[in-house]
Amino acid sequence: MKLLVTGVSHKTAPVEVRERLAFREDALAGSLADLKGREGVSEALILSTCNRVEITVTTEDSTDPQAVVDAFLAERKSVDPRAIAPHLYHVEGRDAIHHLFRVASSLDSMVVGEPQILGQLKAAYCAAKAAGTVCGWLETLLARTFRVAKRVRSETGIGLMAVSVSYAAVELARKIFGSLAGRTIMIVGAGKMSELAARHLRRSGASHVFVTNRTYERAVEMAALFQGTPVEYGRFVGMLPEADIVITSSGAPEYVLHKEDMQRAIAARRNRPMFVIDIAVPRNVEPSVNQIDNVFLYDIDDLQEVVNANLRERMKEAEHAERLVAEEVDRTMARLKVAEVAPLIVGLQEQLEQIRAGEMARVRHKFGPFTPQQEEALESLTRGIVNKIAHGPISELRNHAGQPEGAHVIDVIRKAFHLQD
Amino acid sequence: MAEMSVIWLRVAAALYSLGLLHAILTLVRRREHLFRVALGAFGLGSVFHLVSIVEEGIFRRHCPINNFYETLSMCAFLVVVLYLAAHFRYRLESLSVFIFPLVFVMAMVATMSNPVGAWSSQVMRKTWLTTHIILVLLGYAALLLTAGASILYLFQERELKSKKPHTFYYRLPPLGTLDDLISKSMAVGFVLMTLAVIAASTWAFIEHRRAWIAQPSIAISFFTWGTYLALVFLRTAAGWRGRKAAIMTVTVLGLSALTWVAHVRLGTILKP
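No experiment lies behind these values; they were computed from the predicted model shown.

The rules we used
- Residues numbered from 1 in each chain as written.
- Chains lettered and ligands numbered in written order.
- Predicted model: local features only at pLDDT ≥ 70, side-chain atom pairs only at ≥ 80, totals over all residues.
- Heavy atoms only, no water.
- Helix = DSSP H or I, 4+ residues; strand = E, 2+ residues; numbered from the N terminus.
- Rg over C-alpha atoms; globule rule 2.2 N^0.38 Å.
- Buried < 20%, exposed > 50% of the residue type's maximum accessible area, 1.4 Å probe, protein only.
- Contact = heavy atoms within 4.5 Å.
- Areas by Shrake-Rupley, 256 points an atom, 1.4 Å probe, with all protein chains shown as cover.
- Lys, Arg positive; Asp, Glu negative; His and termini not counted.
- Charge placed at Lys NZ, Arg CZ, Asp CG, Glu CD.
- Phe/Tyr/Trp six-rings, centres within 6.5 Å; stacked < 30°, edge-to-face > 60°.
- Salt bridge = Lys/Arg side-chain N within 4 Å of Asp/Glu carboxyl O.
- Buried area = accessible area lost by both parts, 1.4 Å probe.
- Polar contact = N/O pair within 3.5 Å; in protein donor to acceptor, adjacent residues only side chain to side chain.
- Nonpolar A, V, L, I, M, F, W, Y, C, P; charged D, E, K, R; others polar.
- Arc of directions from axis to C-beta.
- Pairing = 2+ DSSP bridges.
- Axes fitted to C-alpha atoms, helices over the stretch in contact; angles between N-to-C directions.

Caption draft 1: Structural context of the overall build of chain B. Along chain B, the regular secondary structure elements total 9 helices and 0 strands. What you see in chain B, going N to C, is helices and strands ordered as α-α-α-α-α-α-α-α-α. Computed over the C-alpha atoms, the radius of gyration of chain B is 20 Å, within 12% of the 19 Å expected from 2.2 N^0.38 for a compact globule of 272 residues. If one aligns the C-alpha atoms of chain B with their principal axes, the spans along those axes are about 70 × 55 × 30 Å. Going through the 272 residues of chain B one by one, you find that 51% of them count as buried. Looking at chain B alone, contacts between residues at least 24 apart form 77% of all its contacts between residues at least 6 apart. A total of about 12800 Å² of accessible surface is found on chain B, and carbon and sulfur atoms cover 70% of it. Considering chain B, the positive charge centre built from 25 side chains and the negative charge centre built from 11 side chains are found 7 Å apart.

Here you go:
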């Protein structure tokens, strides 16, 4: 049996190529059935996302899986195999398993550690399962792939850190307040960026939103989006003590929040922390506000710096994840090799049992009949001998499965016991 | 002190103890459940306290500020009067967390001027002392947790202020979580320490009679408890967090260690 993974990804092909090879969800079942129906193909899986189109097949040993997939793509997608060849990657056997584990663990993603790819792979598996194109070896491998991805996610921090500015703001808010449940947000300047940040914060549990804007009608509009409260621009500084998180994105050319305003607000809050997110350019909040105890001021560059630090941290975690994946590949290969010698072990046991049963029949015929006690003693004796003889070769087969010299050992045992291939 | 004067003072201390209960509930549950009741008891207690002082003055034929106990009683009474006046003028509920326990302990100590009978049994003596030691050790454990969490708070706060996340930022819990842990462990620790101080004072009073208050180890204990009370007040009423609160917590922890050292020989009493 052969395993092949072939396809294009954001690393190997531009979007023009990826979109030509992409499979629409409604056409997936037909495509899978077509692929599975081709000569020599045992199982098939198609993963089609915006960043990758990947086909995984298992075929009989006599089949060239790459040729089958090339023909399938050429027919199904009407593409010239020579045109897409430079963009296609193809990995087989152990490398294919390694590739699948890396993809599922989000180590091959455009944003390393993003969580969507695992869901997309699971969706691809469900589609293939529904189409009846995974039902054996590949299904077992995919189940293992999902377990590996889960292990990577739980044992490393690869997916923990935010890698977008708006999520970095949410992550920082969580680092300051713990839970965002019941927190109040004040938006100063009803812009798109502040709306996006507030939306993320609201989704993370923040309970109430105040919106203020120089044009009051715009504040009313945005407040309605969050079931919040519009505040007249002239009054917002007085309401600061009520806000845990302040997002400023007004177009004002000068600072709209000064150190004295924040000092008064934090005193009124009896030093309960405040998180001020200034995403306006030019900045809306006097930078010295960050010097006030329990006030945490982040402007757009600070948020970007957090994102950069998170990315660096993710890359460190990715190194750990790569080691886990390599370890899991080794473990999987060892299991596969043991599974490979399983039929040989069963054959050996059957052969020895056959000899034992034959010899028992011969003895019974010559010296029998025996009493039940004698039968029991003979059965026990002969089974003991057979098991002791089988123990050595079976242990050797298991120990050498997957080892470089394994093939030679297997061959010797097969010949010694006259076992069939 | 005159016998009747002490009795009136004990009644006052009993009423002040409702104030202590209010402070404990405020700290542990973070709601001021009993304030009105405690304030009422505080006012009533002050009446009995005044009666005690007047009785003592008439008995001694001079203003009762001639020894430590009389002075302490007078001081506690003045604190009560000033607090009540300030509260009716400015509504200082938050200050009650500091004043109520302080006045209770001052009044309680002031009642311990007249020696009482010796221990009725050795079992009672040792059990009382064991209870005090267990309470104080539990209090130390809670204080240690508070100090540890305060230091972690400092590190995390520094990371967030620097805006350049490093290892601590990713590994340490959020400030909110640490703050919650600090508040809870500090409140539990304060309750345990207060109960331990009450148990220790009464034990020392019976054990050493009038001389108990003159012991340096007792003075250190009260000083430590006083700083703990100040810490609790500054955190709950003034909202102290971060660097200032951490320094204060570590100071209280240091004083607690000193108090422990001062009492290190106490355990030998428990030896059979």
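Caption draft 2: Spotlight on the packing of aromatic side chains. If you walk through the whole model with that rule in mind, you get 17 aromatic pairs over all chains. Between A:Y233 and A:F236, the ring centres sit 5.5 Å apart and the planes meet at 45°, which makes this aromatic pair tilted. Ring plane angle 40° and centroid distance 4.4 Å describe the contact between B:F42 and B:F100, whose orientation is recorded as tilted. Residue B:F42 is found in helix α2 (residues 35–60), and its partner B:F100 is found in helix α4 (residues 96–110); the two are separated by 58 residues along the sequence. B:F100 matches B:F42 in its accessibility class, with the two residues each being buried.

Caption draft 3: Representation of the pattern of salt bridges in the model. All names here are of chain A. Tallied over the entire structure, the rule returns 44 salt bridges over all chains. Its salt-bridge partner being E75, residue R38 comes within 2.7 Å of it at the nearest N-O pair. You can see R38 sitting in the loop between α2 (28–37) and β2 (41–48) and its partner E75 sitting in helix α3 (residues 65–77), a full 37 residues away along the chain. Across the pair E353 and R356 runs a salt bridge, and its minimum N-O distance is 3.0 Å. Placement of both E353 and R356 in helix α13 (residues 300–367) is noted, with a separation of 3 residues, approximately one turn of the helix. Judged by relative accessible area, R356 falls into the buried class, the value being 6%. One connected set of salt bridges, linked through shared partners, spans K11, R52, E54, R102, D108 and E322.

Caption draft 4: Fine view of the interface of chain B and chain A. Each partner contributes residues to the interface: chain B has 26 residues there, and chain A has 28 residues. Of the roughly 2100 Å² buried at the junction of chain B and chain A (both faces included), carbon and sulfur atoms supply 47%. Taken as a group, B:K161, B:K163 and B:Y170 account for 33% of the area that chain B buries against chain A, more than any other trio of residues on that side. In this structure, the salt-bridge partner of B:R171 is A:E313, at a minimum N-O distance of 3.4 Å. Seen at the junction of chain B and chain A, the total is 19 residue pairs in polar contact (both at pLDDT 80 or more). Contributing elements (two or more residues each) for the side of chain B that touches chain A: α5 (122–162), α6 (167–171), α7 (175–208) and α9 (242–262) of chain B. Tallying contributions element by element places α5(B) first for the side of chain B that touches chain A, with 6 residues. Across the side of chain B that touches chain A, the residue classes tally to 11 nonpolar, 6 polar and 9 charged.

Caption draft 5: Local environment of helix α12 (residues 259–268) of chain A. Residue and element names in this part refer to chain A. D261, M262, A265 and I266 are the residues of α12 that are buried. Buried residues in α12, looked at end-on, bunch into an arc of 125°, giving them a common side. Projecting away from the buried face of α12 at angles above 90 degrees are the exposed residues R264, A267 and A268. Directly after α12, the chain includes R270, whose backbone phi takes a positive value near 50°.

Caption draft 6: Highlighting the sheet that holds strand β9 (residues 274–278) of chain A. All names here are of chain A. Pairing is parallel across the open sheet formed by 6 strands, whose spatial order is β7-β6-β5-β8-β9-β10. A single partner strand is all that each edge strand has here, and the edge strands are β7 (229–232) and β10 (295–299). For this sheet, the mean inter-axis angle between neighbouring strands, taken without regard to orientation, is 20°. Where strand β5 (residues 184–188) and strand β6 (residues 208–213) come together, 5 bridges link them in parallel fashion. Each residue of the ladder has a partner; that of M186, found in β6, is F210.

Caption draft 7: Just the pairing of strand β3 (residues 52–59) of chain A, in detail. Residue and element names in this part refer to chain A. Counting buried positions over the 8 residues of β3 gives 8, a clear majority of the element. Burial along β3 is two-sided: the residues R52, E54, T56 and T58 and V53, I55, V57 and T59 are all buried. With 8 bridges joining them, strand β1 (residues 2–9) and β3 adopt antiparallel strand pairing. Opposite T6, over in β3, you have I55 as the bridge partner. Pairing of β2 with β3 involves 7 bridges; the strand directions are antiparallel. Looking at the pairing, I46 lines up with I55 of β3. In sequence, β2 turns back onto β3 through a hairpin of 3 residues.

Remember, this is a structural readout, not a statement about activity or role.
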